[in-house]
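Residue-level structure breakdown
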Amino acid sequence: MQQSKTARQIQKAAEALFAEQGFSETTMRQITTAAKVNLAAVNYHFGSKQGLIESVADKYVAPFVGYLQDAVCTTRYTHQGTTVATEELLEMLMRALLKVHQTNGHALAIFSRLLDLSYAPGQDEFREFLTSKYRESLDDFILLLRQDAAPMHDDEFFWRIHFLLGSMIFTLNNYRVLAGLGGSKDAEDIEVERVLHRMIPVLTAGFLARPESTFVSRI
């Protein structure tokens, strides 16, 4: 369903604030001031701040998931039932992130903040929203990743998936700062594609590493 002009105006203002400040830190007053509307207009179009956040999530998560689904279908066809290499799957994931990046200048910032929000305390409703709407669409990708990962229990694979997400969130939230720390003279112009590409071998090694059967230390 196409949004009205006012709804687009509200969401555009909210996205800019969310990208700069984060979701929890952005107030409804800031959104209404930036959008030049009253609170009633936000409530009418989105129901609440939560509804507005979910609308923003749909804008950025849906294309990401859709790209991955299409890539998985194509890859399955070309591999004709053979295992897809973990490195190839992670390249696919990074290309999906680049698709998000091409949406606008703050798309990756919003996307990473959305992922971060899903792990925050008190965000059960938002986690349920993302899980119920997008988890099934990601199952085929996760299954392919599981097939080429090192043999491990489901519990270990679960943790590695979330290590991957944690690495993505940290990197996307801080890649300009990291570029500056790494000696880049102009961190604003850092190539996102290069940063994402650098993550692939590290994450691949994590999934292919044999799980340890002995803890480093015991208390």
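Scroll up for the structure.
Residues numbered from 1 in each chain as written. Predicted model: local features only at pLDDT ≥ 70, side-chain atom pairs only at ≥ 80, totals over all residues. Heavy atoms only, no water.

The helix and strand inventory of the chain stands at nine helices and zero strands. For the chain, the N- to C-terminal ordering of α and β elements is α-α-α-α-α-α-α-α-α. The 219 residues of the chain split such that 40% are buried. Pairs at least 24 apart in sequence give 74% of the contacts found in the chain among residues at least 6 apart. Of the roughly 13200 Å² of accessible surface on the chain, a fraction of 54% belongs to carbon and sulfur atoms. (Helix = DSSP H or I, 4+ residues; strand = E, 2+ residues; numbered from the N terminus. Buried < 20%, exposed > 50% of the residue type's maximum accessible area, 1.4 Å probe, protein only. Contact = heavy atoms within 4.5 Å. Areas by Shrake-Rupley, 256 points an atom, 1.4 Å probe, with all protein chains shown as cover.)

Using the criterion set out here, one finds six aromatic pairs in the structure. Geometrically, the ring pair formed by Phe64 and Phe111 is tilted, given 4.8 Å between the ring centres and 50 degrees between the ring planes. Linking Phe64 in helix α4 (residues 49-79) with Phe111 in helix α6 (residues 107-118), this pair joins segments that are 47 residues apart in sequence. No difference in accessibility class separates Phe64 from Phe111, as the two residues are buried. Where Phe158 meets Trp159, the ring centres are 6.0 Å apart and the plane angle is 85 degrees; that geometry is what we call edge-to-face. Residue Trp159 is classed as partly exposed on the basis of its relative accessible area, which comes to 45%. (Phe/Tyr/Trp six-rings, centres within 6.5 Å; stacked < 30°, edge-to-face > 60°.)

Next up on the list: the pattern of salt bridges. Applying the stated rule across the entire model yields seven salt bridges. For the salt bridge of Asp124 with Arg127, the shortest nitrogen-to-oxygen distance reads 2.2 Å. Taken as a pair, Asp124 and Arg127 lie in helix α7 (residues 124-148) at a separation of three residues, close to a single helical turn. The class for Asp124 is exposed, based on a relative accessible area of 53%. Using a relative accessible area of 28% as the deciding quantity, one classes Arg127 as partly exposed. Across the pair Asp139 and Arg135 runs a salt bridge whose closest N-O atoms are separated by 3.0 Å. Of this pair, Asp139 and Arg135 both sit in helix α7, four residues apart, which is roughly one turn of that helix. Among the residues examined, Asp139 registers a relative accessible area of 31% and is labelled partly exposed. (Salt bridge = Lys/Arg side-chain N within 4 Å of Asp/Glu carboxyl O.)

Once that is clear, we can look at the side chain of Thr86. Considering the arrangement of structural elements, one finds Thr86 in helix α5 (residues 86-101). Residue class for Thr86 comes out buried when judged on its relative accessible area of 0%. Other than its neighbours up to four places away in sequence, Thr86 contacts Leu145, Asp148, Ala149, Thr204, Phe207 and Leu208.

This paragraph deals with a nonpolar patch on the surface. Where nonpolar side chains cluster on the molecular surface, the patch consists of Phe170, Val177, Leu178 and Leu181 and spans about 420 Å² of accessible area. One can find Phe170 in helix α8 (residues 154-181). A relative accessible area of 48% places Phe170 in the partly exposed class. (Patch = residues over 30% accessible without salt bridge, like charges linked within 9 Å, V, L, I, M, F, W, Y side chains within 5 Å.)

Interhelical geometry of α7 versus α8 gives an angle of 115 degrees and a closest axis separation of 12 Å. In terms of crossing hand, the pair formed by α7 and α8 is right-handed. Across from Ile142, Leu145 and Arg146 in α7, the residues of α8 making contact are Asp154, Phe157 and Ile161. When its residues are assigned to classes, the contact of α7 with α8 shows four nonpolar, no polar and two charged. (Axes fitted to C-alpha atoms, helices over the stretch in contact; angles between N-to-C directions. Left-handed = near helix turned anticlockwise from the far one by under 90°. Nonpolar A, V, L, I, M, F, W, Y, C, P; charged D, E, K, R; others polar.)

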